[in-house]
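Architecture at a glance
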Amino acid sequence: MPKLIRTIAASPPIPPTSSIRSILKANSKAVCGLGHAINSEIIYSDGMAQQAKYWDAKGRRMSQTPRSHLGLRETQLQIRGIGEPPVPPAPPTLANAIFAARGQRLRDMPFWHHIDFA
């Protein structure tokens, strides 16, 4: 079974005073994006989503969460936050890593339909 060991990300320039918050936010959003790719699923029946809200979605579990590293580039500009940039690239990045490791293309989510993750 594949197991994610580490994630690496880079941030846009941020002020040095908010670097700790930015690291924590970027790491948590990367984990959120991986959780969507691996575990989350929306099923439609008769044109209606069968899941109601967030409590119906499966996120990442602590046992599935890899160590993460975020490279920061500090700036003196007045930037007020980094938003959620790690969320959207996480699923395709994971799919590309799986293809590089196993030669298997994953084209639909959640990925657990195709691979058993540790």
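Attention shifts here to the overall build of the protein. What the protein contains, in helices and strands, is two helices and four strands. Helices (α) and strands (β) of the protein occur, in sequence order from the N terminus, as β-α-β-β-β-α. For the protein, with 118 residues in total, the buried portion stands at 31%. Here the analysis covers contacts within the protein between residues at least 6 apart in sequence; of these, 75% occur between residues at least 24 apart. Element-wise, carbon and sulfur atoms account for 56% of the exposed surface of the protein, whose accessible area totals about 8,300 Å².

Of note, Asn39 is situated in the loop between α1 (19-38) and β2 (44-45). Asn39 gets classed as buried once you look at its relative accessible area, which sits at 13%. In this structure Asn39 touches Lys58, Gly59, Arg60, Gln64, Pro110 and Trp112, once residues within four positions along its chain are discounted.

Summarising the model, the protein shows a mean pLDDT of 77, and 71% of its residues fall at 70 or more. Confidence scores differ between elements of the protein, with strand β1 (residues 6-10) showing the lowest mean pLDDT of 68 and β2 the highest of 90.

This paragraph deals with helix α2 (residues 90-102). A rise of 1.5 Å per residue sets the reference length of α2, with its 13 residues, at 18 Å; its end C-alpha atoms lie 18 Å apart and thus fit the reference within 8%. All of the buried residues in α2 are Ala90, Pro91, Leu94, Ala95 and Ile98. Viewed end-on, α2 has its buried residues packed into an arc of 130°, placing them on one side of the element. Count one or two residues on from α2 and you reach Gly103, which has phi positive near 75°.

This next bit is on the nonpolar core. Judged by nonpolar contacts, Leu34, Ala37, Ile38, Ala90, Leu94, Ala95, Ile98, Leu106, Phe111, Ile115 and Phe117 together constitute the single largest core of eleven residues. When residues of this core are traced back to their parent elements, those giving at least two are α1 and α2.

Reading the values: rules and limits
Residues numbered from 1 in each chain as written. Predicted model: local features only at pLDDT ≥ 70, side-chain atom pairs only at ≥ 80, totals over all residues. Heavy atoms only, no water. Helix = DSSP H or I, 4+ residues; strand = E, 2+ residues; numbered from the N terminus. Buried < 20%, exposed > 50% of the residue type's maximum accessible area, 1.4 Å probe, protein only. Contact = heavy atoms within 4.5 Å. Areas by Shrake-Rupley, 256 points an atom, 1.4 Å probe, with all protein chains shown as cover. pLDDT = per-residue confidence, 0-100. Expected span 1.5 Å × (residues − 1). Arc of directions from axis to C-beta. Core = buried A, V, L, I, M, F, W, Y, C linked by side-chain atoms within 4.5 Å.

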